[in-house]
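# Structural overview for review
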Amino acid sequence: MRKLLTGTAITVLSMGAAAAQEIGPFTVGEGPFDWDGYQAFADATDLSGQTVTITGPWTGDEKAKFDNVMAVFEEATGANAEYSGSDSFEQDIVISARAGSAPNLAVFPQPGLAADMAGQGLLTPLPDGTADWLRDGYAAGDSWVDLATFEGPDGEEDLYGMFYRVDLKSLVWYSPAAFDEMGYDIPGTMEELKALTDQIVEDGGTPWCIGLGSGAATGWPATDWVEDMMLRLHAPEDYDAWVTNDLKFDDPKVIAAIEEFGSFARTDDYVAGGAQSVASTDFRDSPTGLFEIPPACYLHRQASFIPAFFPDDVEVGQDADFFYFPAFEGQDLGQPVLGAGTLFAITDPSDAANAMLEFLKLPIAHETWMAQGGFLTAHAGVNPEAYADDALRAQGEILRDATTFRFDASDLMPGEIGAGAFWTGMVDYVTGASAEDVGAAIQSRWDALN
């Protein structure tokens, strides 16, 4: 018992026989988890004999990690939680919902499909009070409420989703050794990032590695750049209007964001291989220049997944690190963050489904996946020490510090635009077309859909 009397484990004194209880890979009362919140929820919730069914996109290792989280819910409530993952989730959930055989909850990898299903009456609004809780309980809480508020079949807006696992895109990767050798500091504003870019050129180096190549999806990395620039140049409302085509692609605000990306990507001295290499360089190969000797580049803007394409001997936190893709100090738009994420929605209401949503409000519902790795959350109440490593902890801090969060715009636009004309338009732009011509061409394509 003595070894348990540290940190949050002190709470085991009030748990009696539960102190040594094992729940999957976790031991009640041990670890950097909010066991007090767990116990209060367990004391107030009895779902013995009930089952909650869930489906979503997580398979393999991700499913195994979520199953461990569900084991904590089961132990707290007495319910049986059944999760099934599918690589064809988007098709399966629509079919099952229309057939009246949907599970209680569905985990949507992006809000667009959830919004469509809400409009068809295939989703149920979340319980009263959930929106208020999210505003207070999540960093940039208003953003998460906005992202999951959809029109129902009657045209009335309601909150239909609770975001859970989050992906982060507003990152710049670099080599700490290369920075230390040149004496470079981490920029805290976009103005400082631009000054660093010029300083690297002045010192005889090349600032950026940028690659848009991705087979049939070539061009998508540039859409992330433009989306980040939209959030740093204009109000969130402009970004939202752009996603819904109320702010047109040929609007001066969108053109300015494209040209801001171009100020980096279309300047020969700024890009490894020169501007002409941007469109043809595969995005998976692009960051390797950070680790060459001498460095082929010093900076690479890409999402949190990119270490999967680093050389095998590169260790994040030692050989590679990252910082927040900064905002313009002169724009006074706070700290906007671009990303993606999964949201829970009710596809077949039940008391057990509502209890699961209450469980997802608890820090421990997030901390137990945080500890397993591959998970970020905007939940403001979690213990950062629960993250599996320092890199995830630092990314979690960026999310906690965010004043605005917006979902990847191209994923919210119609497929022919977000995964078509926007991609190809960015390739045209980096190979010489003007931002005005590119914006007009994308807008013409969108207009043709109506």
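This text follows the structure it describes.
In this text the structure is predicted, and so the values were computed from the model without any measurement.

This part takes up helix α14 (residues 390–401). Side chains of residues three or four places apart in an α-helix project in the same direction, reflecting 3.6 residues per turn. Relative to the 16 Å expected for 12 residues at 1.5 Å per residue, α14 spans 16 Å between its end C-alpha atoms, a close match to the ideal helical length. Turning to α14, its buried residues number three or more, namely Ala391, Leu392, Arg393, Gln395, Gly396, Ile398 and Leu399. Its side-chain oxygen at 3.1 Å from the backbone nitrogen of Ala391, Asp389 defines the N-terminal cap of α14.

For the largest pocket, the calculated volume is near 960 Å³. Considering the residues around the largest pocket, the lining is formed by 37 residues, among which Val243, Asp408, Asp411, Leu412 and Met413 are closest to the centre. The dominant element in the lining of the largest pocket, judged by the number of residues it contributes, is helix α4 (residues 111–119), at five residues. There is about 370 Å³ of room inside the second largest pocket. Looking at the second largest pocket, the residues that line it are Trp58, Glu62, Glu90, Pro109, Gln110, Arg165, Asp167, Ala340, Gly341, Thr342, Phe407 and Asp411.

A word on the packing of aromatic side chains. Under the criterion given, the structure shown has 48 aromatic pairs. Ring geometry for Trp58 versus Trp369: centroids 5.0 Å apart, planes at 80°, classification edge-to-face. Of the two residues, Trp58 sits in the loop between β3 (51–56) and α2 (60–77) while Trp369 sits in helix α13 (residues 363–370), which places them 311 residues apart along the sequence. By relative accessible area, Trp369 is classed as buried at 0%. Every member of this aromatic cluster is reached through a ring pair, and the members are Trp58, Phe66, Tyr83, Tyr164, Phe344, Trp369 and Phe375. Just above the ring of Tyr429 sits the side chain of Arg266; from NZ or CZ to the centre is 4.2 Å. Cation over ring: Arg301 sits above Phe325, and NZ or CZ is 5.8 Å from the ring centre.

Applying the stated criterion to the full structure yields 16 salt bridges. One salt bridge in this structure joins Lys65 and Asp61, with 3.2 Å as the shortest N-O distance. Residue Lys65 and its partner Asp61 are both found in helix α2; the two are separated by four residues, about one turn of the helix. Among the residues examined, Lys65 registers a relative accessible area of 15% and is labelled buried. With relative accessibility at 53%, the residue Asp61 sits in the exposed group. Where Asp228 meets Arg301, a salt bridge forms, and the shortest distance between an N and an O atom there is 3.0 Å.

Next up on the list: the nonpolar core. Grouped together as the largest cluster of nonpolar side chains are 99 residues, with contacts concentrated most on Ile54, Phe66, Phe73, Phe108, Phe344 and Phe359. Excluding residues within four positions of it along the chain, Phe73 makes contact with Phe41, Leu47, Val52, Ala79, Ala81, Ala352, Ala355, Met356 and Phe359. Core analysis: the next-biggest nonpolar cluster, separate from the first, contains 54 residues, Leu233, Leu247, Ile255 and Val427 among them.

Further remarks concern the packing of helix α8 (residues 190–202) against helix α11 (residues 252–265). At their nearest, the axes of α8 and α11 sit 11 Å apart, and the two run at 25° to each other. Comparing their axes, α11 and α8 come out roughly parallel. Contacts between α8 and α11 involve Met190, Lys194 and Thr197 from the former and Glu260, Ser263 and Phe264 from the latter. Partitioning the contact of α8 with α11 into residue classes produces two nonpolar, two polar and two charged.

Definitions and limits used
- Residues numbered from 1 in each chain as written.
- Predicted model: local features only at pLDDT ≥ 70, side-chain atom pairs only at ≥ 80, totals over all residues.
- Heavy atoms only, no water.
- Helix = DSSP H or I, 4+ residues; strand = E, 2+ residues; numbered from the N terminus.
- Expected span 1.5 Å × (residues − 1).
- Buried < 20%, exposed > 50% of the residue type's maximum accessible area, 1.4 Å probe, protein only.
- Polar contact = N/O pair within 3.5 Å; in protein donor to acceptor, adjacent residues only side chain to side chain.
- 1 Å grid on protein atoms, 1.4 Å probe; cavity = no way out; pocket = protein on both sides within 12 Å on 5 of 7 lines; lining within 4 Å.
- Points joined across faces, edges and corners; volume = space filled by probe spheres on them.
- Phe/Tyr/Trp six-rings, centres within 6.5 Å; stacked < 30°, edge-to-face > 60°.
- Lys NZ or Arg CZ within 6 Å of the ring centre and 35° of its normal.
- Salt bridge = Lys/Arg side-chain N within 4 Å of Asp/Glu carboxyl O.
- Core = buried A, V, L, I, M, F, W, Y, C linked by side-chain atoms within 4.5 Å.
- Contact = heavy atoms within 4.5 Å.
- Axes fitted to C-alpha atoms, helices over the stretch in contact; angles between N-to-C directions.
- Parallel < 35°, antiparallel > 145°, perpendicular 65-115°, else oblique.
- Nonpolar A, V, L, I, M, F, W, Y, C, P; charged D, E, K, R; others polar.

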